[in-house]
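Observations on chain architecture
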Amino acid sequence: MFTSCHGRKRIQREKNYMFMIVVPIFMVILLGYFFGKLKPDSGSSDKLINDYVLYIALPALLFLAIARADINELKQWGFISSSLIGIVCIYLLSGFIAKCRGIPLPQSSILSMGACYGTTGYMGVPILISVYGQEAALPAAIATILHNIPAIMAVIISWDLFAASHKTETTSAATSFWKAIKTTFTNPLTVSVLAGLVFVVFGIRMPAFLEAFASFLGSAAGPTALFALGLGLSRLNIKEHVTGEALGIVAPMLVLKIILQPAITLLAGVYLFGMGEENAIWLAAAVVMAAQPIGAGVYVFAKKYEYKEDTISLAIIASLLISLMTLPVILSLLNG
């Protein structure tokens, strides 16, 4: 009786502790949102903040996390495999649902990307480091790249190959693949991780000044990214995008992204790769990154290929709002 009561109290304390960690994270997003509403004419500033996060702060943080690592720490095959299984399964499942609804390739690739591509950099990295400390920086950095590369490459290749049938000019598979590689690996987040890997693979000792410089820049990544996220949210008008057709596309995308992807990742990690207490942070990182809301990168591609930009905007907003409720629950369960 006493043990059971003590156990319940311990779980409650852990939940309260997790709540106290998670709430400030979402308060920063809320602060960015209200700032954007109070300063509706600060559009140029929004771009500067986003560019700082994307090109300076987050790359510095990811570079440092990788460059500091021991090469043996990178051999987390269960983490890598379970993350990729979650991404690939959801991408294919979304494509199947789209096909059943009469949405062909390449258009369905945008919806598939939306179902498996999250805000790993802007939101996932700050959350993991806030909850689990600097020990989570390395899995957060690797997960960011794992979630960037497959979906981005799949969308680019799909549009090059399948949209070509409607054009007079055709694109070869090799050209399309090279274009996808180039776009993916010139992404500043990918470049920063690859730069960090150079230090690890070749055993290069990082100069103290470079470590201090990257640490100083990277320390601003978390709050700035979350603030930028709230700022972007304040600029979107939900009412304009809500239609019956849009909701019919958005609803399955949200279920796939916020519920099924973390569930598949967790099941793969535990039951296929035996991830347990000894690599609990890696398992938590895989699941939390899979549970992130839909990333803004999906809108970039939707706008580029002129396909349902308004619907993707609605999906991004809805997934962010829902994840404000689901992520604390997932973190509490993982912590327990």
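The structure reproduced in this document is the subject of the present report.

1. With respect to empty space enclosed by the protein
Scanning the model with the defined rule gives one cavity of 30 Å³ or more in all. In this structure, the largest cavity occupies an estimated 110 Å³ of space. Contributing to the lining of the largest cavity are S94, I97, A98, R101, I103, L111, A115, I249, P252, M253 and L256. Mapped onto the lining of the largest cavity, the elements with two or more residues apiece are α3 (77–100), α4 (107–116) and α12 (244–272).

2. A look at the layout of surface pockets
Volume-wise, the largest pocket comes out at about 1,200 Å³. What lines the largest pocket is a set of 38 residues, among which Y122, G295, A296, G297 and V300 lie closest to the centre. The set of elements that each furnish at least two residues to the lining of the largest pocket consists of α2 (43–67), α5 (120–132), α6 (137–162), α7 (173–185), α8 (188–201), α10 (221–234), α14 (297–304) and α15 (309–335). Here the second largest pocket is characterised by a volume of approximately 380 Å³. Lining the second largest pocket we find 22 residues, and of these Q134, E135, A137, L138 and P139 sit closest to its centre. Breaking the lining of the second largest pocket down by element, the ones donating at least two residues are α2, α6, α9 (208–218) and α13 (280–290). Among the residues making up the lining of the second largest pocket, the classes are represented as eleven nonpolar, six polar and five charged.

3. Details of the nonpolar core
Across soluble globular proteins, nonpolar side chains have a tendency to be buried as a group. Counting 94 residues, the largest nonpolar core has F79, I110 and M123 as the members making the most contacts within it. Considering every element that reaches this core, the biggest residue donor is α6, with 15 residues. One finds F63, L64, A67 and F199 within the second-largest nonpolar core, a separate group that totals six residues.

Calculation rules
- Residues numbered from 1 in each chain as written.
- Predicted model: local features only at pLDDT ≥ 70, side-chain atom pairs only at ≥ 80, totals over all residues.
- Heavy atoms only, no water.
- 1 Å grid on protein atoms, 1.4 Å probe; cavity = no way out; pocket = protein on both sides within 12 Å on 5 of 7 lines; lining within 4 Å.
- Points joined across faces, edges and corners; volume = space filled by probe spheres on them.
- Helix = DSSP H or I, 4+ residues; strand = E, 2+ residues; numbered from the N terminus.
- Nonpolar A, V, L, I, M, F, W, Y, C, P; charged D, E, K, R; others polar.
- Core = buried A, V, L, I, M, F, W, Y, C linked by side-chain atoms within 4.5 Å.
- Buried < 20%, exposed > 50% of the residue type's maximum accessible area, 1.4 Å probe, protein only.

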